[in-house]
Amino acid sequence: MPLETVTTIAELRERLRSARYAGKSVGLVPTMGYLHRGHASLVDRARADNDIVVTSVFVNPLQFGPNEDFARYPRDLDADRTLLAAHGADIVFAPPVEEMYARPIVTHIEVESLSARMEGERRPGHFRGVATVVGKLFNIVQPDRAYFGEKDYQQLQVIRRMVADLSFQLEIVGVPTVRDVDGVALSSRNVYLSAEERAAAPVLSRSLAAAAEAIGAGLVDAGKIEAIILGVLDAEPLAEPDLVAVAAADTLEPVDPKAPPPAIALMIAVRIGRTRLIDQRVVTVP
């Protein structure tokens, strides 16, 4: 079937009603648009797992802080539709802000412990905005499965905890990060980088690779792992570290070197020029 564009909640619910009545499974890929190969990998996985694939394209104002880039966040729905059609999506849900938030929203979802640390400490209210819009999308679409990239690892864990705590009846599927040949994680924000800044961006993946190698050799001291990451980042003049976090991959709790977790999550945010890039890596502890 050709890709269908839906802009209202009522129309989307009506469109999906017949599919559910026929017993078809529904997969949801929530996005903020300006899609790239990383998003395409989510759609591909959803296409393989489900009868109907819905991709939302909605730049959610709730998750942007007052000094962040909501107004300048890149948007190109025509290009998004082309990519989605090529990868077999059935419906793109692209509502305007006034459709998702018909009046100022006063009801929020906050995953307290996971949202307060690391990225949440740097961006107060960010994960509350993410959890609220994702919860709203789950209620609208009622998917069997929803797909999220592992690059936003803390976000993925916040959503998993929200689903467990609130008994949402769906499966959360994490999909591995897609990278360019030089190791840079694909991101809609990469378009902001100048040529010189883009050339500096691989330092993020190099720093994570160095830390992963050390963990593989038996290092489980979080402070020393962070120092390895910072050492690599500091060698790149254009890189300004904003967040370096080392945590247990399943809980995001601090790593206890006397009783290390099965896997360690490495999460970083680095400013290169005006652009804040994030990356992550989950490393199995030997």
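Preceding this paragraph is the structure being described.
In this report, we go over the structure that sits alongside the text. (Residues numbered from 1 in each chain as written. Predicted model: local features only at pLDDT ≥ 70, side-chain atom pairs only at ≥ 80, totals over all residues. Heavy atoms only, no water.)

A short note on the overall build of the protein
Phase 1 of the analysis: A count of helices and strands for the protein gives eleven helices and nine strands.
Phase 2 of the analysis: Taking the principal axes of its C-alpha atoms as reference, the protein extends roughly 55 × 45 × 35 Å.
Phase 3 of the analysis: By element, 51% of the accessible surface of the protein is carried by carbon and sulfur atoms, the whole surface being about 13400 Å².
Phase 4 of the analysis: Across the protein, 31 positive and 38 negative side-chain charges occur, with their mean positions spaced 3 Å apart. (Helix = DSSP H or I, 4+ residues; strand = E, 2+ residues; numbered from the N terminus. Areas by Shrake-Rupley, 256 points an atom, 1.4 Å probe, with all protein chains shown as cover. Lys, Arg positive; Asp, Glu negative; His and termini not counted. Charge placed at Lys NZ, Arg CZ, Asp CG, Glu CD.)

Let's talk about helix H7 (residues 126-141)
Phase 1 of the analysis: Between the first and last C-alpha of H7 there are 23 Å, a value that for 16 residues agrees with the 22 Å anticipated at 1.5 Å per step.
Phase 2 of the analysis: In terms of burial, H7 is largely enclosed, as 13 of its 16 residues are buried.
Phase 3 of the analysis: Of the residues trailing H7, Gln142 is marked for its positive phi of about 50°. (Expected span 1.5 Å × (residues − 1). Buried < 20%, exposed > 50% of the residue type's maximum accessible area, 1.4 Å probe, protein only.)

Describing the environment of Pro286
Phase 1 of the analysis: Structurally, the position occupied by Pro286 is in the segment after strand S9 (275-284).
Phase 2 of the analysis: Along the primary structure Pro286 and Lys136 are separated by 150 residues, whereas in three dimensions their C-alpha atoms are 40 Å apart.
Phase 3 of the analysis: Sequence-distant contacts of Pro286, that is, excluding residues within four places in its chain, are made with Ile215, Gly216 and Gly218. (Contact = heavy atoms within 4.5 Å.)

Concerning the sheet that holds strand S8 (residues 263-272)
Phase 1 of the analysis: Sheet architecture is open: three strands sit in the order S7-S8-S9, paired in antiparallel fashion. Edge positions in the open sheet fall to strand S7 (239-248) and S9, since each of these has one partner strand only. Across the sheet, the mean angle separating the axes of adjacent strands is 15° when strand polarity is ignored.
Phase 2 of the analysis: With respect to the sheet, helix H11 (residues 222-234) is in contact with S7 and S8, its orientation differing from that of S7 by roughly 155°. (Pairing = 2+ DSSP bridges. Axes fitted to C-alpha atoms, helices over the stretch in contact; angles between N-to-C directions.)

Observations concerning the pairing of strand S3 (residues 52-57)
Phase 1 of the analysis: The element S3 is extensively covered by neighbouring structure, given that six of its six residues are classed as buried.
Phase 2 of the analysis: Taking every second residue as pointing to the same face, both faces of S3 are buried, with Ile52, Val54 and Ser56 on one and Val53, Thr55 and Val57 on the other.
Phase 3 of the analysis: Note: strand S2 (residues 26-31) against S3, six bridges, orientation parallel. Looking across to S3, one finds that Val26 is bridged to Ile52.
Phase 4 of the analysis: In this fold, S2 hands off to helix H2 (residues 37-49), which returns the chain to S3; that crossover is right-handed.
Phase 5 of the analysis: What joins S3 to strand S4 (residues 91-93) is helix H3 (residues 77-86), and the crossover it makes is right-handed. (Right-handed = clockwise from strand over helix to strand, strands pointing away.)

Quick word on the side chain of Ser115
Phase 1 of the analysis: On the secondary structure map, Ser115 appears in helix H5 (residues 112-116).
Phase 2 of the analysis: Side-chain polar atoms of Ser115 contact the backbone oxygen of Val111, separated by 2.8 Å.
Phase 3 of the analysis: Once residues within four sequence positions are removed from consideration, Ser115 is found in contact with Gly120, Glu121, Phe127 and Val158. (Polar contact = N/O pair within 3.5 Å; in protein donor to acceptor, adjacent residues only side chain to side chain.)

Quick notes on the sheet that holds strand S5 (residues 145-149)
Phase 1 of the analysis: Here six strands make up an open sheet; going across it, the order is S1-S4-S3-S2-S5-S6 and the pairing parallel. Two strands in the sheet have a free side with no partner beyond their single neighbour: strand S1 (4-6) and strand S6 (171-175). Across this sheet, the average inter-strand angle for adjacent strands is 25°, counted without regard to direction.

A closer look at the environment of Glu119
Phase 1 of the analysis: Mapped onto the elements, Glu119 comes out in helix H6 (residues 119-122).
Phase 2 of the analysis: Considering only alpha carbons, one finds Glu119 and Asp152, 33 residues apart in sequence, at a separation of 9.9 Å.
Phase 3 of the analysis: Not counting chain neighbours up to four residues away, the residues in contact with Glu119 comprise Phe127, Gln154, Leu243, Ala269, Arg276 and Ile278.

Topic: the packing of aromatic side chains
Phase 1 of the analysis: Considering all chains together, one arrives at five aromatic pairs under this definition.
Phase 2 of the analysis: Each ring, one from Phe138 and one from Phe148, has its centre 6.5 Å from the other, and the planes form 80°; the classification is edge-to-face. In this pair, Phe138 is assigned in helix H7 and Phe148 in strand S5, connecting sequence segments ten residues apart. Neither residue differs from the other here; Phe138 and Phe148 are each classed as buried.
Phase 3 of the analysis: Here the aromatic rings of Phe138 and Phe168 are separated by 5.5 Å at their centres, their planes lie at 75°, and the arrangement is edge-to-face. Here Phe138 is found in helix H7, whereas its partner Phe168 is found in the loop between helix H8 (153-165) and S6, with 30 residues between them in sequence.
Phase 4 of the analysis: On the accessibility criterion, Phe138 (3% relative accessible area) is buried. (Phe/Tyr/Trp six-rings, centres within 6.5 Å; stacked < 30°, edge-to-face > 60°.)

Considering the pairing of S5
Phase 1 of the analysis: The pairing of S2 with S5 spans two bridges and is classified as parallel. In the sheet register, Gly27 faces S5, and the bridge partner there is Arg145.
Phase 2 of the analysis: Sheet analysis places S5 next to S6, joined by five bridges and oriented parallel. Of the residues in S6, the one forming a bridge with Gly149 is Val175.

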